[in-house]
Amino acid sequence: MLSGYQAWPEEFAELYRQEGCWEGITFGEMLRQRAKLYGNRTAMISGEEHLTYAELNARVDRLAAGLYATGIRQYDRVIIQLPNMAAFVEAVFALFRLGALPVFALPLHRKSEIEYFARFSEAVAYLIPDRDGGFDYRKLAEEVQAEVPSLRHIIVAGEAGPFTSLEDVYMDPDPDKLQDGPDSSDVAFLQLSGGSTGLSKMIPRTHDDYIYSLRRSVEVCGLSPESVYLAVLPAAHNYPLSSPGILGTLYAGGTVVLSRESSPDEAFPLIRKHQVTITALVPPLALIWLNAAAARGTKLPSLQVLQVGGAKFSAEAAGRVKPVLGCTLQQVFGMAEGLVNYTRLDDPEHIIIHTQGKPMSPYDEVRIVDDEDMEVEQGQSGHLLTRGPYTIRGYYQAEEHNARSFTTDGFYRTGDIASLTPEGYLIVEGRAKDQINRGGDKVAAEEVENHLLAHPGVHDAALVSMPDEYLGERSCAFIVPSGEIPAAAEIKSFLRNRGLASYKVPDRIEFVQSFPKTGVGKVSKKALREMLTVKQSI
Ligand code: OOB
């Protein structure tokens, strides 16, 4: 068993099973069934590589056998930091089959993040590409391994250098050595939270709950074996992974097209070439696509659905999707902890444009409450709480934090401020958590503040959001210097040198003599944000 995991109380587990939400199958079994049903159909396209369901299933068996021979066992944690390539999908399913747990890192994570993931999850292995986006992950792995000795295996997709080559791990399965797979109620992987208090928390998702979220996503998004899903966002993120994303498309028997690039120059030709029917973007990328398509008069006739989510999509931009791209917009408001809301494909325009969708499952419970946890009147905005068959009951090994993030009756405090329309659709109005949503990339203020405080020239630091036309929000660090004012550029390079992911480095730095305080003496981030608007209007 995995320790430090908060399962659903038995009465809920019973209900979700009885109601048919949890089907009792694991990911390993799901892929095997799909290989039987759709054997010769194309499961995945990555560059020139095409894999049928039967081939994918066979490669996953071979990789699982090889990983087992390497010493990877059930419940072991394995950090995966691969870009959108076939090896990502194969590795994830191979680990699922063994019952080992992928820990999903993003391609932009660097030493600070990976070292923490490795230490906290006590990972035994780390899977990387050789190079991607001009960055050499082998150097990063070397640095992390030097700090975290539990990390026994570094496996590289590509030129392995001193490490193990992923290609060499695949081997013919030995039927005598076949292990009992995991149980469907077991944790399948650890996903990362956007974080608000300090470092990202780890999110344990089970085979049962995640496969249910795939099934509902597939139903709501109308996926079928004819669907072709283009993954341009990083595959490890919950949204392109499962809403319905890569895993949902495989659940449906459709085809996944993996792309490492997301620009219109790369993505539009892929959509045409592979007759892509659905793809998922974050708002800044959707704006780039809309502008490019409008300027070039591009038509993408195969594209039926454009999903936009991860951050608030403005109604103004939402209204352009259909006229410019000719496809249906689907707003997606989800979270790695569970709850996913979708606008429905046949919803009236005003709902598609002005709301962030409604919960995908009839068993999702949502509450909008005030600061005292009392439900607000219908239509009023308040804190969004949720509970349901695919929303976790606690973060991995985070007892203290769980007491704050969940109510005593098991509702997850999303940290989002939202309101409900009379039809039960959610409108995201803002955020109570101390996080910056930089066009879908989540930045935990406290994590960055702690790094800033390590700089000798920084006496105190506070990170706040500032509105941005393109990204929705950017970050601004207010700094009280400890002596002479350091150069902003020097502070930024200090953070980069500490191995912080680039999207977390503050976009702007302001020096102040002291921080405005709230009535109870805490730093008033609201007042700091207001200082920015005043500054901008001068
Ligand atoms: C997705 O997951 P996370 O875990 O990176 O971030 C969750 C948070 C939400 O709590 C909310 O603050 C924000 O991201 N968010 C949105 C949004 N979608 C997510 N805020 C406003 N409008 C939206 N449409 O971001 C995620 C996971 C699964 C599917 C889609 C997104």
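Residues numbered from 1 in each chain as written. Predicted model: local features only at pLDDT ≥ 70, side-chain atom pairs only at ≥ 80, totals over all residues. Heavy atoms only, no water.

Engineer: Would you mind showing me how to read the overall build of the protein chain here?
Structural biologist: Helix and strand counts for the protein chain come out as 18 helices and 27 strands. Counting only C-alpha atoms and orienting by the principal axes, one finds that the protein chain spans roughly 70 × 55 × 55 Å. Split into buried and exposed, the 538 residues of the protein chain put 60% on the buried side. Taking all contacts inside the protein chain whose residues are at least 6 apart in sequence as the whole, residues at least 24 apart take part in 68%. Here the protein chain displays about 21700 Å² of accessible surface, and carbon together with sulfur accounts for 49% of that area. Within the protein chain, one finds 53 positive and 70 negative side-chain charges whose respective centroids are separated by 3 Å. (Helix = DSSP H or I, 4+ residues; strand = E, 2+ residues; numbered from the N terminus. Buried < 20%, exposed > 50% of the residue type's maximum accessible area, 1.4 Å probe, protein only. Contact = heavy atoms within 4.5 Å. Areas by Shrake-Rupley, 256 points an atom, 1.4 Å probe, with all protein chains shown as cover. Lys, Arg positive; Asp, Glu negative; His and termini not counted. Charge placed at Lys NZ, Arg CZ, Asp CG, Glu CD.)

Engineer: Can you walk me through the sheet that holds strand β25 (residues 458–468) in this structure?
Structural biologist: The strands making up a sheet are joined through hydrogen bonds of the backbone, oriented either antiparallel or parallel. Within the open sheet, the three strands sit side by side as β25-β26-β27. Their pairing is mixed. Two strands in the sheet have a free side with no partner beyond their single neighbour: β25 and β27 (508–511). With direction set aside, neighbouring strand axes in the sheet form an average angle of 25°. As judged from the ten bridges shared by β25 and strand β26 (residues 472–481), these two strands associate in the antiparallel manner. Paired with D460 across the two strands is V480, which belongs to β26. Strands β25 and β26 of the sheet are contacted by helix α16 (residues 445–453), whose axis makes an angle of about 140° with β25. Against the sheet, helix α17 (residues 488–497) makes contact with β25, β26 and β27, and its axis sits at roughly 125° relative to β27, the strand it touches most. (Pairing = 2+ DSSP bridges. Axes fitted to C-alpha atoms, helices over the stretch in contact; angles between N-to-C directions.)

Engineer: When you look at the nonpolar core in this model, what are you seeing that I'm missing?
Structural biologist: When a protein is soluble and globular, its nonpolar side chains tend to lie buried together. F27, F88, F93 and L250 are the most contacted members of the largest nonpolar core, which has 173 residues in total. Looking at this core element by element, the count peaks at eleven residues for helix α4 (residues 86–98). In terms of nonpolar packing, the next biggest core, distinct from the first, is built from ten residues, F478, F515, L528 and L532 among them. (Core = buried A, V, L, I, M, F, W, Y, C linked by side-chain atoms within 4.5 Å.)

Engineer: Mind showing me how you'd approach the side chain of R387 here?
Structural biologist: With respect to the element layout, R387 can be found in strand β20 (residues 382–387). A distance of 2.7 Å separates a polar side-chain atom of R387 from the backbone oxygen of D409. In contact with R387, not counting residues within four places along its chain, are F12, Y363, D364, E365, R393, D409, G410 and F411. (Polar contact = N/O pair within 3.5 Å; in protein donor to acceptor, adjacent residues only side chain to side chain.)

Engineer: Sorry, what's going on with the site of the ligand here?
Structural biologist: Lining the immediate surroundings of the ligand are 19 residues, of which H237, V332, D416, K433 and K442 lie closest. In the model, a nitrogen atom of the ligand is placed 3.1 Å from a nitrogen or oxygen of the G310 main chain. Within the backbone of K312, an N or O atom sits 3.4 Å from a nitrogen atom of the ligand. Across the complex, the protein chains shield 96% of the 590 Å² of accessible surface that the ligand would expose by itself. Of the residues belonging to the shell around the ligand, the class tally is seven nonpolar, eight polar and four charged. (Near = heavy atom within 4 Å. Nonpolar A, V, L, I, M, F, W, Y, C, P; charged D, E, K, R; others polar.)

Engineer: Explain the pairing of strand β10 (residues 187–192) to me, please; I cannot follow it from the model alone.
Structural biologist: Regular strands place their side chains on alternate faces of the sheet. For β10, the buried fraction is high: six of the six residues fall into the buried class. Relative to strand β11 (residues 202–206), β10 is paired through five bridges, and the arrangement is antiparallel. Opposite F189, over in β11, you have R205 as the bridge partner.

Engineer: Which parts of the structure should I look at to understand the packing of aromatic side chains?
Structural biologist: In this description, a pair of aromatic rings is defined by centroid distance and the angle of the planes. If you walk through the whole model with that rule in mind, you get 21 aromatic pairs. Summarising the aromatic geometry, the rings of F27 and F96 are spaced 4.5 Å apart at their centres and angled 25° between planes, so their arrangement reads as stacked. With F27 in helix α2 (residues 27–38) and F96 in helix α4, this residue pair connects regions lying 69 residues apart in the sequence. Accessibility assignment for this pair places F27 and F96 in one class, buried. Clustering of aromatic rings is evident, with ring pairs tying together F27, F88, F93, F96, F104, F189 and Y210. Geometry around F411 places R367 over its ring, the cationic atom sitting 4.0 Å from the centre. One cation-aromatic arrangement involves R393 over F12; the distance from NZ or CZ to the ring centre is 4.5 Å. (Phe/Tyr/Trp six-rings, centres within 6.5 Å; stacked < 30°, edge-to-face > 60°. Lys NZ or Arg CZ within 6 Å of the ring centre and 35° of its normal.)

Engineer: For this particular structure, what's the right way to read the sheet that holds strand β18 (residues 358–359)?
Structural biologist: If you trace the nine strands from one edge of the open sheet to the other, you get β2-β1-β13-β12-β14-β15-β16-β17-β18, paired in mixed fashion. Looking at the sheet topology across the chains shown, the edges are occupied by β2 (49–52) and β18. Note: strand β1 (residues 42–46) against strand β13 (residues 255–258), three bridges, orientation parallel. Its bridge partner being in β13, S46 is matched across the sheet by L258.

Engineer: Could you clarify how one ought to interpret the UniProt feature "domain: AMP-binding enzyme C-terminal" (unreviewed entry) in the protein chain in this entry?
Structural biologist: Those residues carrying the UniProt feature "domain: AMP-binding enzyme C-terminal" (unreviewed entry) are residues 447–522 in this numbering. Overall, residues 447–522 shows 22% helix and 33% strand. The separation of its end C-alpha atoms is 17 Å. (UniProt positions renumbered as here; feature names shortened; annotations may be inferred.)

Engineer: Where do I start with the side chain of D132 in this structure?
Structural biologist: As for its placement among the helices and strands, D132 is situated in strand β6 (residues 131–132). A relative accessible area of 18% places D132 in the buried class. When neighbours within four sequence positions are excluded, D132 is seen to be in contact with P83, Y137 and R260.

Engineer: Help me understand the state of the cysteines, please; the structure alone is not making it clear to me.
Structural biologist: By definition, a disulfide links the sulfur atoms of two cysteines through a covalent bond. Within the structure shown, the criterion is met by zero disulfides. No disulfide involves C21; its sulfur sits 17 Å from that of C221, the nearest cysteine. Classification of C21 as buried rests on a relative accessible area of 1%. Cysteine C221 shares no disulfide, and the gap to the nearest cysteine sulfur, in C327, comes to 13 Å. (Disulfide = S-S within 2.5 Å.)

Engineer: Even after reading the chapter, I still don't get unusual backbone geometry, so can you show me in this structure?
Structural biologist: What is expected of a backbone is that most residues other than glycine have negative phi and most peptide bonds are trans. The linkage connecting S243 with the following residue, P244, adopts the cis geometry, with an omega of -15°. Within the element layout of this structure, P244 appears in the loop between α9 (238–242) and α10 (245–252). A positive phi angle, close to 50°, is found at E122, a residue other than glycine. Relative to the helices and strands, E122 resides in the loop between α5 (111–121) and β5 (125–129). Phi at D373 is positive, roughly 65°, even though this residue is not glycine. Within the secondary structure, D373 sits in the loop between β19 (365–369) and β20. On the basis of relative accessible area, D373 is assigned to the partly exposed category, the value being 33%.

Engineer: Teacher, can you tell me more about α17 here?
Structural biologist: An α-helix turns once per 3.6 residues; consequently, residues spaced three or four apart project the same way. The complete set of buried residues in α17 reads I491, F494 and L495. All buried residues of α17 fall inside an arc of 95° around its axis, so they share one side. Turned more than 90 degrees from where α17 packs its buried face, A489 and N497 sit exposed. A positive backbone phi angle near 85° is found at G499, which sits one or two residues after α17. (Arc of directions from axis to C-beta.)

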